[in-house]
Amino acid sequence: MEASTPDLITAVIGFRQWRVCGEELWSFRATERWQRGVHSAHCTDAHDAPAHGCSCGIYAWYSPAPRGASALTPDLVAGAVALWGQIELHAHGMRAQHAMVVALALPFSRGAKRRRIQAAADALDVPAVPARRLNAAALAHGDVIPRAMRPPDTTPNKRAAPGEPAPARLYAVADGYRERQARRRHR
Ligand SMILES: [Zn+2]
């Protein structure tokens, strides 16, 4: 790590989308179920995840997806995660070693999807909040990565075919988040 690396002593907040299947939360590609508690990254290449130059790690964006982005499908749900451990920063998001869901966003519509998201949030023991309040709910659990720490987006034309991957930096975030959560629950 570079000497200039700031200390990140709280959890880092990131934003994701999942699929709600029944009352269960699954990853976007429906390959992994997210349950209550800590979700840790693993790599099939048998190294610690995330690793530089690999695609492993738990993905999250720096900011919430546009409101309504999840509304178009019957099963997409937006939410926020607390991230810690090793975190690799990219232009628009991160890949982290550990994550916990901290809040899910409720859709505008009332109906089956909203009820399933509420049930999934209850099972995870996290709040389900209106989308406009997702950011505030998440910030109770940590901080977003400051803009100055994010690698620049080197893609001149976003519509061009992907070229070299964005430069990324690896940071370590103190592993105290889980302990603080446990203490908070037992208070
Ligand atoms: Zn890997």
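First things first, this report covers the structure right here in the doc. Throughout, a residue's number is its position along its own chain's written sequence, starting from 1. Under the rules for a predicted model, residues below a pLDDT of 70 receive no local features and side-chain atom pairs below 80 are neither given nor counted, while totals for whole chains, interfaces and linings still include all residues. The side-chain numbers reported here are obtained from all heavy atoms of the structure, hydrogens and water having been left aside.

1. Here's the deal with the packing of aromatic side chains
Pairing of aromatic rings covers Phe, Tyr and Trp, the last through its six-membered ring, and needs centres within 6.5 Å; plane angles under 30 degrees mean stacked, over 60 mean edge-to-face, and all others mean tilted. This structure, assessed with the given rule, holds one aromatic pair. Ring geometry for Trp18 versus Trp34: centroids 5.5 Å apart, planes at 75°, classification edge-to-face. Of this pair, Trp18 sits in strand β1 (residues 12-21) while Trp34 sits in strand β3 (residues 33-34), and the two are 16 residues apart along the sequence. Take Trp18 and Trp34: they sit in the same class, and that class is buried. Criterion for a charge above a ring: Lys NZ or Arg CZ within 6 Å of the ring centre, and within 35 degrees of the ring normal. Lying over the aromatic face of Tyr62, Arg150 brings its terminal NZ or CZ to 4.3 Å of the ring centre. By definition, any uninterrupted DSSP run of H or I lasting at least four residues is a helix, any uninterrupted run of E lasting at least two residues is a strand, and each is numbered from the N terminus. In this scheme, a residue with accessible area under 20% of its type's maximum is buried, one over 50% is exposed, and one in between is partly exposed, where area comes from a 1.4 Å probe on protein chains only.

2. Here's the deal with unusual backbone geometry
Following Ala49, the chain continues into Pro50 via a peptide bond in cis, with omega recorded as 0°. Residue placement: Pro50 occurs in the loop between β4 (39-40) and β5 (58-61). One non-glycine residue, Ala30, lies in the positive phi region at around 60°. Among the structural elements, Ala30 can be located in the loop between β2 (24-26) and β3. According to the relative accessible area criterion, Ala30 is partly exposed, its value standing at 40%. Even without glycine at this site, Ala46 takes up a positive phi of about 60°.

3. Details of the coordination of the zinc ion
Protein-derived coordination of the zinc ion comes from Cys43 (SG), His47 (NE2), Cys54 (SG) and Cys56 (SG), at a distance range of 2.0 to 2.3 Å. Around the zinc ion, the four donor atoms are arranged such that angles at the metal cover 97 to 116°; this shape is classified as tetrahedral. Donor selection uses N, O and S atoms within 2.8 Å of the metal (3.2 Å for Na, K and Ca). Since no water is included, sites may look incomplete. Linear spacing of the donor residues for the zinc ion on their chain is C-x3-H-x6-C-x1-C. Note that Cys43 is positioned in the loop between β4 and β5 and Cys56 in the loop between β4 and β5, a separation of 13 residues in sequence. Taken as a pair, Cys43 and Cys56 share a single burial class, namely buried. Think of it this way: with four donors and all angles in the 85 to 135 degree range, the site is tetrahedral; with four or six donors, opposite ones beyond 155 degrees and the rest between 65 and 115, it is square planar or octahedral; otherwise it is irregular.

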